[in-house]
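Working through the structure, step by step
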Amino acid sequence: VQLQASGGGLVQAGGSLRLSCAASGRTFSARYMAWFRQAPGKEREFVAAIKWSSRHTTYGDSVKGRFTISRDNAENTVTLQMNNLKPEDTAVYYCAAGTSIITSTQHMGAQYDYWGQGTLVTVSS
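Note that this is a predicted model, so its numbers are computed, not measured. (Residues numbered from 1 in each chain as written. Predicted model: local features only at pLDDT ≥ 70, side-chain atom pairs only at ≥ 80, totals over all residues. Heavy atoms only, no water.)

A few words now on the packing of aromatic side chains. All chains considered together, the criterion is met by 4 aromatic pairs. Arranged with centres 5.4 Å apart and planes meeting at 75°, the rings of F36 and Y112 form a pair that is edge-to-face. Taken together, the positions of F36 in strand 4 (residues 32-38) and Y112 in the loop between strand 9 (91-98) and strand 10 (114-115) put the pair 76 residues apart, joining distant regions of the chain. Since its relative accessible area comes to 5%, Y112 is described here as buried. Linked through ring pairs, F36, F46, Y112 and W115 together constitute an aromatic cluster. (Phe/Tyr/Trp six-rings, centres within 6.5 Å; stacked < 30°, edge-to-face > 60°. Helix = DSSP H or I, 4+ residues; strand = E, 2+ residues; numbered from the N terminus. Buried < 20%, exposed > 50% of the residue type's maximum accessible area, 1.4 Å probe, protein only.)

Before going further, it helps to spend a moment on unusual backbone geometry. The phi torsion at R55 lies on the positive side, around 65°, for a residue other than glycine. Along the chain, R55 turns up in the loop between strand 5 (45-51) and strand 6 (57-59). Despite not being glycine, N84 shows a phi value in the positive range, around 50°. Position of N84 relative to the elements: it lies in the loop between strand 8 (77-82) and strand 9.

By secondary structure assignment, the location of D89 is in the loop between strand 8 and strand 9. A polar contact is formed between the side chain of D89 and the backbone nitrogen of K86, at a distance of 2.7 Å. Beyond its immediate sequence surroundings of up to four residues, D89 is in contact with R37, R66, F67, N84, V121 and V123. (Polar contact = N/O pair within 3.5 Å; in protein donor to acceptor, adjacent residues only side chain to side chain. Contact = heavy atoms within 4.5 Å.)

This is how it looks when you write it as structure tokens:
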């Protein structure tokens, strides 16, 4: 499985960006897909996850109410709509797919099997 993330860029505080993650390769059997981010000098942070079958979503506390994760089964694509962006949202954003994740571990990066290459989001103040 290969994951290709796109959509990053430079935006002013208060603006919006939409990230996409396209999955390809052998039969796609992810149970969860998620977005994580890592800012310079900081640890990787959970952003959002979506359960492929039910579309149930979960968000990190810092992005609740501002970010929305969704998926398109037909296109094997997950998107992250980011609104009201803040300078502290500046990071490299990674999409990930997990085939054996359970609800209680969906926020844990180590549980994910496949990772995209990352896309940089820069929010200026």
